[in-house]
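# Breakdown of the fold
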Amino acid sequence: MTDVGYLLVFAAATLLPAALAAFWLAVSRPNWSIARIALLSPLPVPALALLASALILLRVATASKEACGVDACGIASVAAAMLAICAVLLYLTAAIIAYAIVRKRRG
C-alpha cells in the first residue's frame, strides 16, 4: 500500500467514527451545544494517534546509538511528526464535518 492509501485509511478511520459519534451525541445529548459536540466527537482517534506519536518520539529519544543504526531514529522521528500533523489536520476536518452534521440535525 502506498502513502496515499495509508492516509486514506487513516482519514476514514478518523472521519467515520467522528460522524457517527456526532450523530449519536446530537440525538442522545440535546442539551449540549453544537460546538461542544463538534469538538468532542472527533477526539478519540486523533488522540490515540498523538499518543502513538509521543511514544515513538519517547522511544527514539531514549534509544542508544547502537539501536539507532545509520538513520533509523531520524526516520522514526520524522514518521512520528508526520503522524502528529496528520492527526491534527484530520481532527480539524472531522470537527468541521461533525459541526455540519449536528447543525443539520438540529435544524
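The structure we're discussing is the one just above.
Let us look at the structure shown here.

Parameters at a glance
Think of each chain on its own: its residues are numbered from 1, step by step along the sequence as written. In keeping with the model being predicted, local features are shown solely for residues with a pLDDT of at least 70 and side-chain atom pairs are shown and tallied solely at 80 or more, while totals for entire chains, interfaces and linings include all residues. Side-chain numbers come from the whole structure's heavy atoms, not from hydrogens or water. Any two cysteine sulfur atoms within 2.5 Å of one another count as a disulfide. Summary of the burial criterion: residues with accessible area below 20% of their type's maximum are buried, those above 50% are exposed, and those between are partly exposed, where the area comes from a 1.4 Å probe applied to protein chains only. To count toward a patch, a residue needs a relative accessible area over 30% and no salt bridge; like charges are then connected within 9 Å, while nonpolar side chains (Val, Leu, Ile, Met, Phe, Trp, Tyr) are connected within 5 Å. Note on areas: these come from Shrake-Rupley sampling with a 1.4 Å probe, and a residue is covered only by the protein chains present in the view. Note on definitions: salt bridges are taken to be side-chain nitrogens of Lys or Arg within 4 Å of carboxyl oxygens of Asp or Glu. Starting at the N terminus, helices and strands are each numbered in turn, a helix being any DSSP run of H or I of at least four residues and a strand any DSSP run of E of at least two. Two rings from Phe, Tyr or Trp (for Trp, the six-membered ring) form a pair when their centres sit within 6.5 Å of each other. Planes less than 30 degrees apart are called stacked, planes more than 60 degrees apart edge-to-face, and all others tilted. Only lysine NZ and arginine CZ atoms are considered, and such an atom sits over a ring when it is within 6 Å of the ring centre and within 35 degrees of the ring normal.

## Quick word on the state of the cysteines
- Overall, the coordinates contain 1 disulfide when judged by the stated rule.
- C68 shares a disulfide with C73; S-S distance 1.8 Å. In this structure the cystine formed by C68 and C73 twists about its S-S bond by roughly -80°; its chirality is therefore left-handed.
- When its relative accessible area of 15% is taken as the criterion, C68 is described as buried.
- On the basis of relative accessible area, C73 is assigned to the buried category, the value being 15%.

## What about a nonpolar patch on the surface?
- Among the surface-exposed residues, L50, V78, M82, I85, V88, L89 and L92 lie close enough to one another that they form a single nonpolar patch of about 630 Å² accessible area.
- When you line up the elements, V88 lands in helix 5 (residues 72–106).
- With a relative accessible area of 41%, V88 lands in the partly exposed category.

## A short note on the packing of aromatic side chains
- Evaluated as defined, the whole model comprises 0 aromatic pairs.
- Its end group placed over the ring of W32, R29 keeps NZ or CZ at 5.5 Å from the ring centre.
- A cation over a ring is seen here: R36 above W32, with NZ or CZ 4.3 Å from the ring centre.

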